[in-house]
Amino acid sequence: MSCQALDELKQQIPLLDYLQAHDWQPARQLSRGRWMGLCPLHSDHKPSFLVDPGKSLFYCYGCGRGGDVIRFAELYHQVKFPQALALLHQWRGLAPLLHEAASFYRMQLHRHGEAIAYLHQRGVRSPELIEQMRIGYAPGGGCLRRWLTQLGYPLPALLQAGLVTAVGYDAYTRRIVFPLEGNLYGRSLSALAPPHRFLPGAKGGLYAWEQVRRYPEVILVEGLFDYAVLWQAGFYNVTCAMGNHLNAHQYRQLCDSPRTVYLAFDGDTNGSGQQAAQWLARRLRERGVNARRISLPDGHDPNSFFVQDGDARQFQSLLEAALP
Ligand SMILES: [Zn+2]
């Protein structure tokens, strides 16, 4: 790749945009438009990460690392230079498109009674939570395709992102949609369709990790509806792996600092959630992370526990009773 192409890429991806898309939040402003915040690259407790949006450069006074957006992608995703470039290229193409799709789905949510009814049935009621998680609804048909093509996105780009099927229908039909880092999770309302759907590509890191990583104790759940009810009950130190198998990035995130991780996996009758929790707890302990397994009543996951009248105090007792 030529120097000119590198400069172009850097111009197209302002460092601050990229950081914020990865949940980085500026804590305070300095002179000349610069910002300080917690460092996403090391376990940081007071803001030591300096960002200069004008120059699109960062420097961390804690871990001593700094550079441009490419350097940041290398360090953040723990990849080499060529892979960092590939990730940035992919992100540049996909991020605005996913952002528009998620905004469209959010507009649809309150227009569709069945979507709100489904959220209520899963115990999701707080408007603040719906806002915070940017929950939307995909009615299906061709409405997302029409919206995005009107905005000027070419159909092949929608196909490539997996938002539209080969025959031109919206890929997400009658699904509650949660935006993730570089992906969208869709939960089907219909019992006839597969319940879970992601776009092709990585499911991303742990859900809302930047908001959670500063807690010394973290609750890890399998599903976003588990996340939602816990957050709503005031457990803001919750995060979600979107499944009970962590990808390498999620695993590194959990291990990036000494902490206690409470695993609140499903108590499925076939035991798969509990087996996964046992296995993960062992791996975490090998890395010096204190892992504890929460036992939910048989056949329950955190979502059904709260939906069936479980409350914050009862869940707190489960946390206290959690076994290594
Ligand atoms: Zn740092």
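S.K.: Sorry, what's going on with the pattern of salt bridges here?
M.R.: Side-chain pairs of opposite charge can arise whenever the charged atoms involved come near each other. Tallied over the entire structure, the rule returns six salt bridges. One salt bridge in this structure joins R71 and E74, with 3.4 Å as the shortest N-O distance. Of the two residues, R71 and E74 both sit in helix α3 (residues 69-77), three residues apart, roughly one turn of that helix. Its salt-bridge partner being R213, residue E210 comes within 3.4 Å of it at the nearest N-O pair. There is no split in this pair, since E210 and R213 are both buried. The network of salt bridges with common partners includes E210, R213, D256 and R259.

S.K.: When you look at the nonpolar core in this model, what are you seeing that I'm missing?
M.R.: One recurring pattern in soluble globular proteins is that nonpolar side chains are buried together. Counting 41 residues, the largest nonpolar core has I176, I219 and F315 as its most contacted members. The dominant element in this core, judged by the number of residues it contributes, is helix α10 (residues 224-232), at seven residues. Not counting residues up to four positions away in its chain, the partners in contact with F315 are I219, L230, F235, A264, I294, L296, F305 and F306. Listed in part, the 23 residues of the second largest apolar core include L9, C39, F72 and A84.

Definitions and cut-offs
Within any chain, residue numbers begin from 1 and follow the written order of that chain's sequence. Where totals are concerned, whole chains, interfaces and linings use all residues; where local detail is concerned, this predicted model gives features only for residues with pLDDT of at least 70, and gives and counts side-chain atom pairs only at 80 or more. Calculated side-chain values reflect all of the structure's heavy atoms, with hydrogen atoms and water omitted. A pairing counts as a salt bridge when a side-chain nitrogen of Lys or Arg comes within 4 Å of a carboxyl oxygen of Asp or Glu. For helices the rule is a DSSP run of H or I covering at least 4 residues; for strands it is a run of E covering at least 2, with both sets numbered from the N terminus onward. Burial classes: relative accessible area under 20% of the type maximum marks a residue as buried, over 50% as exposed, and values in between as partly exposed (1.4 Å probe, protein chains only). Side-chain atoms within 4.5 Å link the members of a nonpolar core, which is a set of buried Ala, Val, Leu, Ile, Met, Phe, Trp, Tyr and Cys residues. In this description, contact between two residues means that some pair of their heavy atoms is separated by no more than 4.5 Å.

On their own, these measurements won't tell you what the molecule is for.
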